[in-house]
Amino acid sequence: MNMMTQTMAEVAEGDPHIRIENVSKTFLGGKKGDVEALRPVSLDIRRGEFVSVLGPSGCGKSTLLMLLSGLLDPTAGRITIDGEQVSGPNSNLGIVFQQDVLLDWRGALDNILLQAEIRGADMKAAEAKARELLEMVSLTGFEDAYPRELSGGMRQRVSICRALLHEPPLLLMDEPFGALDAMTRDQLQIDLMHLCAKRDITVFFITHSIPEAIFLSDRVVVMKPRPGRIEQVLDIDLPRPRRLAMREDPKFTGYVRELTQTFKSLGVFREEH
Amino acid sequence: MSAIPDQPIRARNEMLHRVVTFMPPAFWTLVCLIIFWQAVVTLRNVPEYILPAPTQIAGEIGSYWHRLLPNALVTLSEIALGYSLAVLIAIPLAVSIVYSRVIRRAVYPLIVLSQTVPKVAVAPLLLTWFGYGMTPKIVIVIMMSFFPIVINSVMGLRATTPEMLYLAKSMGANGWQIFWKFRLPKALPSVFAGLRLATVLSVIGAIIAEFIGTDKGLGYLILIAGANFDIARQFAAIIIITIIGMGFFGLISWLERTMIPWREQTEIAGEG
């Protein structure tokens, strides 16, 4: 069993890329008083690792992502990336939300180039790069299409390209495929792996889907709600590149069973009525 | 049936079809209404001082053109000046309402509340203050048209989602970039909805102002013609002011299509 229940920091070998140390978040003065979104959690992430966070609504996984991005400040504890403490918006990363957040008034290519425009990067190089990214997600020919002319899956692919344009060392994804149909979802998982395999990038990926987390990740972090805590960290020992057929692999189904069991024990799934 | 004699008829039908479909259906409804009007007046011998026929009104526009044109220009300049000033006041005000908590809480509710004051009731007061020249007319046009621009611009500028702002910050965008690259383009459709509405209101404002007190403008001509029971002349002035209003509305709509091309895409594709 490579499962371990833990509350303390798991110290990865070598120097961790990202270190989350006893980080908690309480939202003060809401309608129902203070809300404890995240009880102190600790987690180390290695460089180049693909980590998924799995858990039901209200388990604080999005809060954790916001803390990593520096868009929220922790109530206590600290987050360091390469030894440097995160405070205030961190722009050395790419971010993808459940909604694609494409700008209606820009074509696909211009939406990706926004990243370079804001950063004041060399636009010529950026454009070549953006076209290359579009090609990798099979969107050649859609450079000038407005978001309203694209399907949900295409839009989300554009938004992933936008997040990768500046070659960030860290990619944060908040349920990026949650709004897509199952088939589009499978394709995007493959596209995402393809994009990540080509670069040295650490991915912090939030999802509701057990198979998606297993399929994509090196490690799956299970969180439980009210207040948000880490319940379990599961290493996924499957070879890369991963193939869709692997989902029938006994090892894969074993992981699914294990995580399903965890959620049953947490009361997330109830089978008896 | 043989196909050969059928050919010219079909060609003529084709031509007719093209002429008819060149104009929108509503245009032909209007044509029908005008024909009906003409028919009723002619067949039932309705006297001109009750309801003139469309042809009589057209004749009146022709013969009275030397008075209609200069007065139309007066009204047009009141509208143009008042509307432009309204835009210049309303849009920066909307920006300050969105960006400043103090203005949003201390000024914005008063602007909304001020809309319950009937502008027509205030007009005589403005005359007392600003005299009988252009100024009170321009002020009334501003008062009429500024409100929908403010409200719609505020709504548009607030339409930026939290995710858009997170994204902007993750790119390291500064406040200026967030405004120009995110907030403002996002607001444009709503701003234009306000601008379009304001064109109609600015025309109403100019006419009301001219009713209250002046010796120039289409509103004045309508008033004088009314006093003389000259219905055809009233209609002539009404038609000119309507054309001004339609042209103005059309101009702003055209500007909207030019500045917001991403919204029109499917409609254009659908036409093909």
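**Structural notes on the overall build of chain A**
Then, in step 1: Per the secondary structure count, chain A includes 7 helices and 11 strands.
Then, in step 2: Computed over the C-alpha atoms, the radius of gyration of chain A is 19 Å, within 12% of the 19 Å expected from 2.2 N^0.38 for a compact globule of 273 residues.
Then, in step 3: In chain A, which comprises 273 residues, the share counted as buried stands at 44%.
Then, in step 4: Taking all contacts inside chain A whose residues are at least 6 apart in sequence as the whole, residues at least 24 apart take part in 71%.

**Examining the overall build of chain B**
Then, in step 1: Counting its regular elements, chain B contains 13 helices and 0 strands.
Then, in step 2: Along its sequence from the N terminus, chain B presents helices and strands in the succession α-α-α-α-α-α-α-α-α-α-α-α-α.
Then, in step 3: What you see for chain B is a C-alpha radius of gyration of 25 Å, clearly larger than the 19 Å of a compact globule of 272 residues, by over 25%.
Then, in step 4: Taken along its principal axes, the extent of the C-alpha atoms in chain B is 70 × 70 × 30 Å.
Then, in step 5: Expressed as a percentage of its 272 residues, the buried residues of chain B come to 31%.
Then, in step 6: Long-range contacts, defined as pairs at least 24 residues apart, comprise 77% of the intrachain contacts of chain B with a sequence gap of at least 6.

**Digging into the nonpolar core**
Then, in step 1: In this structure, Cys161, Leu172, Val203 and Val221 of chain A are the most contacted members of the largest nonpolar core, which totals 82 residues.
Then, in step 2: Every residue in contact with Cys161 of chain A, bar those within four places of it in the chain, is listed here: Ile112, Ala130, Leu133, Leu134 and Val137 of chain A.
Then, in step 3: Tyr83, Ile91, Phe146 and Ile244 of chain B belong to the second largest nonpolar core, which has 49 residues in total.

**Focus on the packing of helix α8 (residues 134–157) of chain B against helix α10 (residues 175–212) of chain B**
Residue and element names in this part refer to chain B.
Then, in step 1: As a packed pair, α8 and α10 sit with axes 7 Å apart at the nearest point and diverge in direction by 160 degrees. As the angle between them shows, α8 and α10 are arranged roughly antiparallel. Between α8 and α10 lies a crossing of right-handed hand.
Then, in step 2: For the contact of α8 with α10, the residue count by class is 23 nonpolar, 8 polar and 4 charged.

**Focus on the pairing of strand β2 (residues 18–30) of chain A**
Residue and element names in this part refer to chain A.
Then, in step 1: Bridge count for β2 against strand β3 (residues 33–45) is 8 bridges, and the pairing is antiparallel. Note that in β3 the partner of Lys25 across the bridge is Leu38.
Then, in step 2: The loop that links β2 with its antiparallel partner β3 comprises 2 residues.
Then, in step 3: Across 5 bridges, the pairing between β2 and strand β5 (residues 76–81) is antiparallel. Bridging across to β5, Ser24 finds its partner in Ala76.

**Observations regarding the sheet that holds β3 of chain A**
Residue and element names in this part refer to chain A.
Then, in step 1: Spatially, β3-β2-β5-β6 is the arrangement adopted by the 4 strands of the open sheet, whose pairing is antiparallel. In this open sheet, the two edge strands, each paired with only one partner strand, are β3 and β6 (84–85).
Then, in step 2: Each of β2, β3 and β5 touches helix α1 (residues 61–69); the most contacted strand, β3, lies at about 65 degrees to it.

**Considerations on the packing of helix α7 (residues 119–130) of chain B against α8 of chain B**
A pair of packed helices can be characterised by two numbers: the angle between their axes and the separation between those axes.
Residues and elements named next belong to chain B.
Then, in step 1: At a minimum axis distance of 9 Å, the contact between α7 and α8 shows a crossing angle of 150 degrees. For the element pair α7 / α8, the angle class is roughly antiparallel. The chirality of how α7 crosses α8 is right-handed. Every residue of α8 that contacts α7 at Lys119, Ala123, Leu126, Leu127 and Phe130 is listed here: Thr135, Pro136, Val139, Ile140, Met143 and Met144.
Then, in step 2: Its residues placed into classes, the contact of α7 with α8 shows 9 nonpolar, 1 polar and 1 charged.

**Some thoughts on the interface of chain B and chain A**
Then, in step 1: On the chain A side, the residues contacting the 14 residues of chain B number 19 residues.
Then, in step 2: Within the residue set of the side of chain B that touches chain A, elements represented by two or more residues are α9 (162–170), α10 and α13 (261–271) of chain B.
Then, in step 3: No other element matches α9 of chain B, which puts 6 residues into the side of chain B that touches chain A.
Then, in step 4: Of the residues assigned to the side of chain B that touches chain A, the class counts are 7 nonpolar, 4 polar and 3 charged.

**Examining the environment of Thr26 of chain A**
Residue and element names in this part refer to chain A.
Then, in step 1: Mapped onto the secondary structure, Thr26 falls in strand β2.
Then, in step 2: Classification of Thr26 as partly exposed rests on a count of 15 C-beta atoms within 10 Å.
Then, in step 3: Through-space distance from the C-alpha of Thr26 to that of Pro227 is 9.4 Å; in sequence the pair is 201 residues apart.
Then, in step 4: Setting aside chain neighbours within four positions, we find Thr26 in contact with Asp34, Val35, Glu36, Ala37 and Thr75.

**Regarding the confidence of the model for chain B**
Residues and elements named next belong to chain B.
Then, in step 1: Across chain B, pLDDT averages 89, with 94% of residues at or above 70.
Then, in step 2: The lowest-confidence element of chain B is α13, averaging 54 in pLDDT; the highest-confidence one is helix α4 (residues 65–99), averaging 96.
Then, in step 3: Note on residues 265–272: pLDDT is under 50 here. Beyond four places in sequence and across chains, it has 3 contacts.
Then, in step 4: Scored as a whole, the predicted complex attains pTM 0.83, and scored at its interfaces, ipTM 0.87.

**Regarding unusual backbone geometry**
All names here are of chain A.
Then, in step 1: Cis geometry marks the peptide bond from Arg226 to Pro227; its omega dihedral reads -10 degrees.
Then, in step 2: Secondary-structure assignment places Pro227 in the loop between β10 (219–224) and β11 (229–235).
Then, in step 3: At the junction of Arg240 and Pro241, the peptide bond is cis and its omega measures out at 0 degrees in the coordinates.
Then, in step 4: Of note, Glu175 is a non-glycine position whose phi angle comes to about 45 degrees, a positive value.

**Side note on the environment of Gly55 of chain A**
All names here are of chain A.
Then, in step 1: Locating Gly55 in the fold gives a position in the loop between β4 (50–54) and α1.
Then, in step 2: Expressed as a C-alpha distance, the spacing of Gly55 and Phe263, which sit 208 residues apart in the sequence, is 8.3 Å.
Then, in step 3: Here Gly55 is in contact with Lys61, Val222, Met223, Lys224 and Pro225, once residues within four sequence places are set aside.

Rules behind the numbers
- Residues numbered from 1 in each chain as written.
- Chains lettered and ligands numbered in written order.
- Predicted model: local features only at pLDDT ≥ 70, side-chain atom pairs only at ≥ 80, totals over all residues.
- Helix = DSSP H or I, 4+ residues; strand = E, 2+ residues; numbered from the N terminus.
- Rg over C-alpha atoms; globule rule 2.2 N^0.38 Å.
- Buried ≥ 20, exposed ≤ 12 C-beta atoms within 10 Å, placed from the backbone.
- Contact = placed C-beta atoms within 7 Å.
- Core = buried A, V, L, I, M, F, W, Y, C linked by C-beta atoms within 7 Å.
- Axes fitted to C-alpha atoms, helices over the stretch in contact; angles between N-to-C directions.
- Parallel < 35°, antiparallel > 145°, perpendicular 65-115°, else oblique.
- Left-handed = near helix turned anticlockwise from the far one by under 90°.
- Nonpolar A, V, L, I, M, F, W, Y, C, P; charged D, E, K, R; others polar.
- Pairing = 2+ DSSP bridges.
- pLDDT = per-residue confidence, 0-100.

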